[in-house]
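What the coordinates show
Chain by chain, the residues:
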Amino acid sequence: METEVAEVNLCFTFGVIADIQYADTENGFNYSRTRERYYRNSLHLLRSALREWNEEVITPRFILQLGDIIDGCNSQLKSSDHALQVVINEFAKSPSPVHHIWGNHEFYNFNREQLLNSALNSKHLGNGKLFDNGDSSIQSDLDPDDPNDPEAFYGYHFSPFPKFRFILTDTYDLSVLGRKKDSKKHRYSLQKLKSNNRNENLNSPKGLYGLNSRFLAFNGGFSQEQMEWLNKILTFSDNNQEKVTVIGHLPVHPDSTDQICVAWNYDEILSVLHAHTSVVCFIAGHNHDGGYYLDDHGIHHLTLEGVIETPPESHAFGTIRVYEDRMILKGRGRIPERVLHFDKHK
């Protein structure tokens, strides 16, 4: 009986999967050589996830692919385009539209212009305009991924169900990856990185402790322009009493991840999120061990376990069931089940 009531109250479901990092090569290890990486098997785990999503009684409204879809080693293997096509061919079997986030491994393989012209640009699935209560169209912002603007970021939002909104963000907007070296954001990012990390290898955390260990080249951050864009959308959502989930490759709360994996300017983006009553969740990847934290503003920070370090006999994906007052993560394999209640006082 409880199950029947839950089904009646269910608004929609969606799928989540992170850090597939496929490559047609032998198994390897992570940077610290403490975890095995199953490059070929990640494709089998993706197929298994898609098969289960296809078989679910309630078809997921959409799938979130949280970044690092292929591994950076494909660049050395000269197989970036082929590897991406192999994975995209699998996602073509999805029962639902797939929204793609860009992570550091996307930028090891492609520059921004290439990504904008690839299957990983899913912005066509977004809502370009917002509508206020007077039903007059207002532009949420200038197009953030204008291909003619070398400083543009990749981001969009969509509403799969009344009073719910999802916002995809670009956590490598400020980064030494993917941008032309003569761009303002690349120069700023390199300066910021070198002022906080004195190592010759900017991916090395040697001599960096605690939260300072986040200043590594495989991380990045949010520009002021992107935070202003996000602020505008969240203000609209506040005024319209929406529940918003924000998505990015990098986690933005230090307690939801290993501190080495958090966004450079996590404190600034948290200030934006905390200023809005509409935000209920931030979903990220990047840290293959996953993580979770409920912050003091009632925002759930969910970091999804990565496919790439998942043994062949296990799984790493989930389906999130969304209700008016909560979301329930039905994890498979390494991903635990979680109940994320929406703060009634927000």
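Refer to the preceding data block for the structure.
So, a few notes on the structure that sits alongside this text. (Residues numbered from 1 in each chain as written. Predicted model: local features only at pLDDT ≥ 70, side-chain atom pairs only at ≥ 80, totals over all residues. Heavy atoms only, no water.)

Quick word on the packing of aromatic side chains
Taken as a whole and assessed by the stated rule, the structure comprises 18 aromatic pairs. Consider the rings of Phe12 and Phe62, whose centres lie 6.4 Å apart with planes at 40°: the pair is tilted. Remark: Phe62 occurs in the loop between α2 (41–55) and β4 (63–65) and Phe12 occurs in strand β1 (residues 12–17); sequence separation between them is 50 residues. Taking the relative accessible area as the measure of exposure, Phe12 reaches 3% and is therefore buried. A centroid spacing of 5.2 Å and a plane angle of 80° characterise the contact between Phe14 and Phe166, whose relative ring orientation is edge-to-face. Here Phe14 is found in strand β1, whereas its partner Phe166 is found in strand β9 (residues 164–168), with 152 residues between them in sequence. There is no split in this pair, since Phe14 and Phe166 are both buried. Each member of the aromatic cluster is reached from another via a ring pair, and the members are Phe12, Phe14, Phe62, Phe158, Phe161, Phe164, Phe166 and Phe342. Above the ring of Tyr323, the side-chain terminus of Arg326 is found at 4.0 Å from the ring centroid. (Phe/Tyr/Trp six-rings, centres within 6.5 Å; stacked < 30°, edge-to-face > 60°. Helix = DSSP H or I, 4+ residues; strand = E, 2+ residues; numbered from the N terminus. Buried < 20%, exposed > 50% of the residue type's maximum accessible area, 1.4 Å probe, protein only. Lys NZ or Arg CZ within 6 Å of the ring centre and 35° of its normal.)

Some details on the nonpolar core
Ranked by internal contacts, the top residues of the largest apolar core, which has 90 residues, are Phe14, Ile17, Ile69, Phe91, Leu273 and Ile320. Discounting chain neighbours no more than four positions away, the residues touching Ile69 are Ile20, Gln21, Tyr22, Leu84, Val87, Ile88, Phe91, His100, Glu106 and Leu120. (Core = buried A, V, L, I, M, F, W, Y, C linked by side-chain atoms within 4.5 Å. Contact = heavy atoms within 4.5 Å.)

Some words on the side chain of Asn240
Among the secondary structure elements, Asn240 is positioned in the loop between α8 (224–239) and β10 (243–247). Judged by its relative accessible area of 10%, Asn240 is buried. At a separation of 2.9 Å, a polar atom in the side chain of Asn240 contacts the main-chain carbonyl oxygen of Phe236. (Polar contact = N/O pair within 3.5 Å; in protein donor to acceptor, adjacent residues only side chain to side chain.)

Side note on the sheet that holds strand β14 (residues 316–322)
Taking strand neighbours across the sheet as the criterion, the six strands line up as β5-β4-β1-β14-β15-β16 in an open arrangement whose pairing is mixed. Here the strands that pair on one side only, and so sit at the sheet edges, are β5 (98–100) and β16 (338–341). Across the sheet, the axes of successive neighbouring strands diverge by a mean angle of 20°, strand direction being ignored. The pairing of β1 with β4 spans three bridges and is parallel. The partner of Ile17 across the bridge, within β4, is Gln65. (Pairing = 2+ DSSP bridges. Axes fitted to C-alpha atoms, helices over the stretch in contact; angles between N-to-C directions.)

Some points on helix α4 (residues 80–91)
An ideal rise of 1.5 Å per residue puts 16 Å on twelve residues; α4 measures up with 17 Å between its terminal C-alpha atoms. Listed as buried for α4 are Ser80, Ala83, Leu84, Val86, Val87, Ile88, Glu90 and Phe91. Turning to α4, the residues buried within the fold contact β1, α2, β4, α3 (73–76), β5 and α5 (104–109). (Expected span 1.5 Å × (residues − 1).)

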